[in-house]
Structure formats: C-alpha cells, structure tokens
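Per-entry structural report
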Amino acid sequence: MEKTALVLAGGGSRGSYELGVWQALREMDIDIDIVTGTSIGAINGALIAQGDYDTAVELWNKIETSHVFEVEMDEQLSLKQKVAQAYKTFFRNFVKSGGTDTHPLRQTLSAYFDEQKIRSSSIEYGVVTMEMDSRQPRELFCSDIPQGKMIDYILASASIYPAFKPYVIDGVRYIDGCYHDNMPVKMALERGATSVIAVDLEAFGVVRREELKLAREVKYLRSQRDLGPTLVFDHTVIRRNIRLGYLDTLKAYGAYEGGAFTYLPGFTARLTELFSQTALARMLLPPEEHATGWEHAFRGRIVKFLEDRGMSGPSVPGLALICAETAGETFELSPEPIYSEQVWLKRLKAAVDAVKLPEGLLGNANVGSKRRLLDSLRETATLLNRQVRTKFAALLVREMLRTEDGDLEKQLGAFSVLPDAFLGGAYLALCDLI
C-alpha cells in the first residue's frame, strides 16, 4: 500500500515555513498518510493530524515569544534586539533555576489542540523526544502515548535544553527530540511510508539526511534563504517564512521555477539559451583534466560557490539560474513575488541603476590595459561593498566579451577571489542591465 509521509524538522519560529508547505500541499490536493515531527515540527504535525489548517494559521498569526516561554519581550524592539533580550533571559534563567519555563507554551497549545481529534485522525501522527538522564530516544506514535498525555509529549519534544527546562512526565525528565533526530524520516519509513516529503529547517540538532535515500520517492524541502532566529517569534519573519515555504513547495512540484526566487515557467530555458551563446558557461563548469594550475584554482572557487548553492554537477541551466539569483540577492530583490521575466529584469535593472560607482572605477572599467583592469578588481575586494563590486564586475565582463581577443580565460583568473561578484556581474552583463 502506498503511503505518503510528511516529515517536519524542528527549528522554533522557523517552523512557520512548514505552515507554508502545508498550505501548498493542500492546494495541490496531496494527501498525507503519516506525519512525524520533532519540536516545532511535532507541534505543526499535531495540527496537521488534527486537520485544522485554519487553527494553525490563527496560531501562527497570533503567537509571540511570550506565548512560548516565560520572557518579557518588547515587541517594538528590532529583531536583533529581541534576540539579544531572549538569550540574556535564557542565560539568566539557566543560572538561576536550570532553564526557562515553557508553561506559557502549554497554555497556548491547550487552546488550539484537540487530543481526541489527533487520535481519531486518518493521519498517523508521531513525535520524537529524548529521556534526559538515560539519553534514551523516544519515538512515539499516538498509540504509544497514554490518554491525556499528548500535549505533554509534544512539549517534551520541544524542550530544548539548556535554554528550556527539561519537561517532566511521570517523574522522567525529557528534552528536545532534536538531540536524537531533528528530521525523523526513518520513523516514518518504519511506519510504512513509501513516499516522503521532508522539510528541513536547518536548525540545531541531529539531521540524518542519508535516510532519505531509503524512501522510494522523496521531496526534500529547504529554504535557500535564512529563515531567521529560532527562539524569537517575530511576525514579519513569520509571514515571510510562510510565503517561502509555500513557494518552495510549489517549485518542488514543478508549478514554478527557481531556487532562492520564484519564476513563471520558461524563465530557466530562456536564461539557459542566453548563457549557451557565450564562452562563459564552458569556462565556468567544472575544469577538465588538462586544465592548467591557475584554471583549476579559478574554476575550483567558482565550482565551490556553485555547489554551495545546490549545483551537484555540470549544468548550464543550473549555472545560469545561480548567476541570475546571485544578482537578485546582491541587489536585494524580494523573494516573495512570483516573477515573470519582464518584471524580474525591470526590478533588477532599477536596483542596479540605483547603485553608483566611484569615478575612479568607472574609468578603469573601460581602459585597454588588462593589468589595470585586474588591479581595479582586486581593490574592490577590500574597499567596496558587494553591490558596487558586482556592478563593477559586470562592467569588466562586458568589456572582456567585447574585446574578443582570445585571452578571456586568463583574465577571468582575477575573479577567483570574488565568485559571487563575478557570477552576479556576468548575469548583469549578458542581460544588458548595466
């Protein structure tokens, strides 16, 4: 029998991303047979098993840091200030009483959870926690949890020590399940899952990604964006994360294209065609065995950057997309819209035009001396900000492409210290955005 499991990782307030995943799965009518989760993943998983999407939306729209643990939080502070205030509280409470109390979270969950709905659900629900003293992991489905103790075990799963106090159930101290398995794939597979949708929040904890290989079909969802702090619940961050989870899920199922951004279908094909018309793609893909030492060094740094962005092998489409998205990130385009090619180019050009280059760099970008070009580029590595470096790199790439003197590969060696500036700049040059 085919079974689809949704596996939800822990990660505190980053769990808002998982609400966006659920929203997209609902819209696509993808049925879930099993849901397993750790920490915030266990909280979201319980709501999914309960079948109360509107309740989950209400919870995430209303939740504040003070609703999770005992800490006074001024919601008017900046996010950085909130994080500092929270961690000061954690440290003080740990020294004073062994951790921060999560009693507010119990009150919050009691208002939204219905244990009987979870138990009678057609979706099998599992939660991960760990006994603190014996270090014994506990992977529990509903049938393993005594009546009336559902919320207790969910809280046990979410009690990340030493920030929070261990959660005591029947005299046994429990801590966050992230110390055993923060993304419980194997737990779902052992329950009979054949298809796995795994959501990785890339937070603290043990994550056994290799277990994804055991599933017949896998959708692995993670954001290419920073999802923010884990223990501060800021509503601007929460709203953005929900949107990112929604868009990433739709992209994973082929409704849209992109990685860090989202595009209408066809964007990548047109971009690939553009890159294929130049020598840049051939030079930037992994080096051939006969490449010289400096070519290995240059290409090695570029390839490392591409691999860090998720490109696993030679791919012109992958290269082209990373170049485009590097430019978008550099010039701070929002990741929340669904972009048509026309809108993307218009907004990126406006952002690029708003960045002014120093006069000295403008002069050096058009001179014929390769030495002056390379010296100018090296200066930008330490003297200028990322947007200026990328725009200047775009001018240099454009100049190099125009010269067509057969010496382009040697000139590219100077860019090895600035892979992000070069890749973003290459996209700006090829799309005539400078």
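Keep in mind that this is a model prediction, so the values were computed, not measured.

**Observations regarding the overall build of the chain**
Each helix and strand counted, the chain has 19 helices and 10 strands in total. Out of the 434 residues in the chain, the part that is buried amounts to 54%. Of the accessible surface of the chain, which amounts to about 19000 Å², a share of 49% is contributed by carbon and sulfur atoms.

**Looking at the pairing of strand β3 (residues 124–131)**
Where burial is concerned, most of β3 is hidden: 7 out of the 8 residues are buried. In this structure, strand β2 (residues 34–38) lies alongside β3, joined through 5 bridges in parallel fashion. Bridge pairing in β3 links Gly37 to Val127. Bridge count between β3 and strand β4 (residues 137–141): 5 bridges; the pairing is antiparallel.

**Things to note about the pattern of salt bridges**
Under the defined criterion, the tally for this structure stands at 20 salt bridges. The salt bridge partner of Lys251 is Asp248, with a shortest N-O separation of 3.1 Å. Residue Lys251 and its partner Asp248 are located together in helix α9 (residues 235–252), separated by 3 residues, close to a single helical turn. Of the charged contacts, one joins Arg270 and Glu341 as a salt bridge, the two residues approaching to 2.6 Å between their closest N and O atoms. Highlighted residues: Arg270 in helix α10 (residues 267–276) and Glu341 in helix α14 (residues 341–353), separated in sequence by 71 residues. Taking relative accessible area as the criterion, Arg270 reaches 40% and is therefore assigned partly exposed. Overlapping salt bridges bring together Lys3, Glu124 and Arg191 as one network.

**Remarks on α14**
Counted at 1.5 Å a residue, the expected span for α14 with its 13 residues is 18 Å, and the 18 Å between its end C-alpha atoms agrees. Along its buried surface, α14 packs onto β9 (262–263), α10, α13 (316–330), β10 (338–339), α17 (386–403) and α19 (419–430).

**Quick notes on the packing of helix α1 (residues 16–27) against α9**
Viewed as axis vectors pointing N to C, α1 and α9 meet at an angle of 40°, and their least axial separation amounts to 6 Å. As the angle between them shows, α1 and α9 are arranged oblique. α1 and α9 meet at a crossing whose hand is right-handed. For the pair formed by α1 and α9, the contact residues are Ser16, Tyr17, Leu19, Gly20, Val21, Gln23, Ala24, Leu25 and Glu27 on the first element and Ile238, Asn241, Ile242, Leu244, Gly245, Tyr246, Asp248, Thr249 and Leu250 on the second.

**A closer look at the packing of aromatic side chains**
One pass over the full model with this rule turns up 13 aromatic pairs. Here the aromatic rings of Phe261 and Tyr339 are separated by 6.3 Å at their centres, their planes lie at 65°, and the arrangement is edge-to-face. Taken together, the positions of Phe261 in the loop between α9 and β9 and Tyr339 in strand β10 put the pair 78 residues apart, joining distant regions of the chain. The residues Phe261 and Tyr339 share a single accessibility class, namely buried. An aromatic cluster is present here, built from Phe261, Tyr263, Phe267, Tyr339 and Trp344 joined pairwise through their rings. When the ring centre of Phe141 is taken as origin, the NZ or CZ atom of Arg191, which lies over that ring, is 4.1 Å away.

**Some points on the UniProt feature "short sequence motif: GXGXXG" (unreviewed entry) in the chain**
Sequence positions flagged by UniProt for "short sequence motif: GXGXXG" (unreviewed entry) are, in local numbering, residues 10–15. The span residues 10–15 carries 0% helix and 0% strand; its end-to-end C-alpha distance comes to 7 Å.

**Considering the packing of α13 against α19**
It is at 7 Å that the axes of α13 and α19 come closest, and there the two elements cross at 100°. Judged by the angle between their axes, α13 and α19 are roughly perpendicular. For the pair formed by α13 and α19, the contact residues are Leu319, Cys323, Ala324, Thr326 and Ala327 on the first element and Asp420, Leu423, Gly424, Tyr427 and Leu428 on the second. Each residue belonging to the contact of α13 with α19 can be placed in one class, and the counts come to 7 nonpolar, 2 polar and 1 charged.

**Quick look at the nonpolar core**
When a protein is soluble and globular, its nonpolar side chains tend to lie buried together. Grouped together as the largest cluster of nonpolar side chains are 79 residues, with contacts concentrated most on Leu6, Phe113, Tyr125 and Val196. Beyond its immediate chain neighbours, meaning those up to four positions away, Phe113 contacts Ile43, Ala46, Leu47, Gln50, Ile151 and Ile154. Counting residues in hydrophobic clusters, the runner-up holds 42 residues, among them Leu321, Ala327, Leu348 and Cys431.

**Structural notes on the side chain of His180**
By the secondary structure assignment, His180 is in the loop between β6 (172–176) and α8 (185–190). Looking at His180, the relative accessible area reads 15%, which means it is buried. A distance of 3.0 Å separates a polar atom in the side chain of His180 from a polar atom in the side chain of Glu139.

**Section: unusual backbone geometry**
Cis rather than trans, the peptide bond between Tyr161 and Pro162 has omega equal to 10°. Locating Pro162 in the fold gives a position in the loop between α7 (150–157) and β5 (167–169). Its identity as a non-glycine residue notwithstanding, Arg135 has a phi of 60°, on the positive side. Among the structural elements, Arg135 can be located in the loop between β3 and β4. Of the residues examined, Arg135 reaches a relative accessible area of 46% and is grouped as partly exposed.

**Observations concerning helix α5 (residues 103–112)**
Listing the buried residues of α5 in full gives Pro104, Leu105, Thr108, Leu109 and Tyr112. Seen end-on, α5 carries its buried residues on one side only, within an arc spanning 130°. Along α5, exposed side chains directed more than 90 degrees from the buried face belong to Gln107 and Ala111.

**Thoughts on the state of the cysteines**
This model, assessed by the stated rule, comprises 0 disulfides. In this structure Cys431 is not part of a disulfide, and its nearest cysteine sulfur, from Cys323, lies 9.8 Å away.

Parameters at a glance
- By convention here, each chain's residues receive numbers from 1 onward along its written sequence.
- Only residues with pLDDT of at least 70 get local features here, since the model is predicted, and only at 80 or more are side-chain atom pairs given and counted; chain-wide, interface and lining totals rely on the full set of residues.
- Think of the side-chain values as coming from all heavy atoms in the structure, minus any hydrogens and water.
- The way it works is that DSSP assigns letters per residue, a run of H or I at least four long becomes a helix, a run of E at least two long becomes a strand, and they are numbered from the N terminus.
- Summary of the burial criterion: residues with accessible area below 20% of their type's maximum are buried, those above 50% are exposed, and those between are partly exposed, where the area comes from a 1.4 Å probe applied to protein chains only.
- Per-residue accessibility takes into account occlusion by the displayed protein chains alone, with areas from the Shrake-Rupley method and a 1.4 Å probe.
- Strands qualify as paired when DSSP identifies two bridges or more between them.
- Within this document, salt bridges are pairs made up of a side-chain nitrogen of Lys or Arg and a carboxyl oxygen of Asp or Glu, the two lying within 4 Å of each other.
- What a helix should span is 1.5 Å times the count of its residues minus one.
- Whether two residues are in contact is decided by their heavy atoms, any of which lying within 4.5 Å being enough.
- Axis lines are fitted through C-alpha atoms, for helices just across the contact stretch, and the angle between N-to-C directions can take any value from 0 to 180 degrees.
- Convention used here: angles under 35 degrees read as roughly parallel, angles over 145 as roughly antiparallel, angles from 65 to 115 as roughly perpendicular, and any remaining angle as oblique.
- Left-handed is the label given to a crossing in which the near helix is rotated counterclockwise from the far helix by less than a right angle, and right-handed is the label when the rotation is clockwise.
- In this analysis, rings of Phe, Tyr and Trp, with Trp reduced to its six-membered ring, are considered paired at centre separations within 6.5 Å, and the interplanar angle assigns stacked below 30 degrees, edge-to-face beyond 60, and tilted for intermediate values.
- Only Lys NZ and Arg CZ are tested; either one counts as a charge over a ring when it is within 6 Å of the ring centre and within 35 degrees of the ring normal.
- UniProt positions are given in the numbering used here, feature names are shortened, and annotations may be inferred rather than shown by experiment.
- Any residue outside Ala, Val, Leu, Ile, Met, Phe, Trp, Tyr, Cys, Pro, Asp, Glu, Lys and Arg is labelled polar, Gly included; the first ten of those are nonpolar and the last four are charged.
- The term nonpolar core refers to a set of buried residues drawn from Ala, Val, Leu, Ile, Met, Phe, Trp, Tyr and Cys, joined through side-chain atoms within 4.5 Å.
- We call two N or O atoms a polar contact when they sit within 3.5 Å, provided that within protein one can donate a hydrogen and the other can accept it, with sequence-adjacent residues counted only if both atoms are side-chain atoms.
- It is the directions from the helix axis to the C-beta atoms that the arc portrays.
- A pair of sulfur atoms, both from cysteines and within 2.5 Å, is called a disulfide here.

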